[in-house]
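Architecture and fold: a report
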Amino acid sequence: MTFLAIDVGNTRLKWALYDAPRPGAALIAHGAEFLDHIDRLAEGSWESLPHPERMLGCVVAGDAVKRRVQEQMEIWDVTPSWVVSSAQEAGLTNGYDHPSRLGSDRWVAMIGARHHVLARGPARPLVVVMVGTAVTVECIDTEGRFMGGLILPGHGIMLRALESGTAGLHVPTGEVRPFPTNTSDALTSGGTYAIAGAVERMYQHLLQHCGQEPACIMTGGAGWKMAPSMTRPFELVDNLIFDGLLEIAAQRFGG
Ligand SMILES: Nc1ncnc2c1ncn2[C@@H]1O[C@H](COP(=O)(O)OP(=O)(O)OP(=O)(O)O)[C@@H](O)[C@H]1O
Ligand SMILES: CC(C)(CO)[C@@H](O)C(=O)NCCC(=O)O
Ligand SMILES: [K+]
């Protein structure tokens, strides 16, 4: 039973076609498209795909974008379904004040991350870092309860904010340095250590709360750029959102 997973982010849509709606399914094809270009998916990379029989996605880009994606899916006979953050799903409980207001990308990525940890050994506290247009840093306790998380600007937004908010700063790419001695390096290092510092702080909060070293899982297109600047051991996972969608799909579609 072919299964299409779709992650509609703030900047790009990412999709992956699997041979079944369950964790460990074989990847048949995958791709990414900037949101400005999603209207050509049906005549582009989706045209020659094997038909998906089931589909599950998450969207943070709003209803208009969701409808545009669904229009592209009309080439297939498949019912679009989208994850909405809830109080409980796939072994995770949601500690957000209003569970449905939690970004569904965050919720799905946490479900993927929790199952990664459980597949490797006993349950333990977990920090989940997603590095994309925005950065999120989530805390999950040993029992699988999402305790809360941080939202911060991604590296690109930070640098663009500095460029437009100051008189004389321009933003050519620099290197990450412990003691930056030029503007480019100072900006690049500032953004990178802001993210690494937020993760370190959450790690400390969770360690203090649970009294046990948390696992740390990082995902997102720019995860590998953050890797050398992290202060704790962590695992880099390619796409936690797809992993989470496979977990949820297995429960919903009985894969
Ligand atoms: N050196 C860096 N360190 C950290 N983050 C970076 C770095 N360079 C770029 N980035 C961030 O990585 C982002 C791209 O990551 P990714 O490909 O996951 O995002 P995206 O798919 O465009 O976002 P979304 O999932 O929100 O649509 C950029 O928007 C930028 O903020
Ligand atoms: C925080 C982002 C932008 C991260 O992609 C997304 O998850 C979102 O729009 N969330 C809604 C607000 C919230 O999660 O509290
Ligand atoms: K995202």
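Residues numbered from 1 in each chain as written. Chains lettered and ligands numbered in written order. Predicted model: local features only at pLDDT ≥ 70, side-chain atom pairs only at ≥ 80, totals over all residues. Heavy atoms only, no water.

1. Here we look at the site of ligand 2
Near ligand 2 you find Asn10, Val60, Tyr96, Arg101, Leu102, Gly103, Asp105, Arg106, Thr136 and Ile151, and these make up its full shell. One of the side-chain N or O atoms of Asn10 is found 3.1 Å from an oxygen atom in ligand 2. The separation between an oxygen atom of ligand 2 and a polar side-chain atom of Asp105 is 2.6 Å. When ligand 2 sits alone it has 380 Å² of accessible area, and the protein chains cover 73% of it. Here the residues of the shell around ligand 2 sort into 4 nonpolar, 3 polar and 3 charged. (Near = heavy atom within 4 Å. Polar contact = N/O pair within 3.5 Å; in protein donor to acceptor, adjacent residues only side chain to side chain. Areas by Shrake-Rupley, 256 points an atom, 1.4 Å probe, with all protein chains shown as cover. Nonpolar A, V, L, I, M, F, W, Y, C, P; charged D, E, K, R; others polar.)

2. A short note on the UniProt feature "binding site: ATP" (unreviewed entry) in the protein chain
Mapped onto this numbering, the UniProt entry annotates "binding site: ATP" (unreviewed entry) at Asp7, Val8, Gly9, Asn10, Thr11, Arg12, Leu13, Lys14 and Thr133. In three dimensions, the annotated residues from a span of 127 residues occupy one location, with a maximal C-alpha spread of 13.4 Å. Mapped onto the fold, Asp7 is located in strand 1 (residues 3-8). When neighbours within four sequence positions are excluded, Asp7 is seen to be in contact with Arg12, Leu13, Lys14, Cys58, Ile241 and Phe242. For Arg12, the position within the fold is in strand 2 (residues 12-18). The residues touching Arg12, leaving out its near neighbours within four places in the chain, are Asp7, Ala32, Glu33, Phe34 and Leu35. (UniProt positions renumbered as here; feature names shortened; annotations may be inferred. Helix = DSSP H or I, 4+ residues; strand = E, 2+ residues; numbered from the N terminus. Contact = heavy atoms within 4.5 Å.)

3. Side note on the nonpolar core
The biggest cluster of nonpolar side chains holds 34 residues, and the ones touching the most others in it are Tyr18, Met110, Leu126 and Leu245. For Leu245, the contacting residues outside a window of four places in its chain are Phe3, Ala5, Ile6, Leu56, Gly57, Cys58, Val83 and Val108. Counting 20 residues, the second-largest nonpolar core is a separate cluster that includes Val8, Leu17, Leu35 and Val69. (Core = buried A, V, L, I, M, F, W, Y, C linked by side-chain atoms within 4.5 Å. Buried < 20%, exposed > 50% of the residue type's maximum accessible area, 1.4 Å probe, protein only.)

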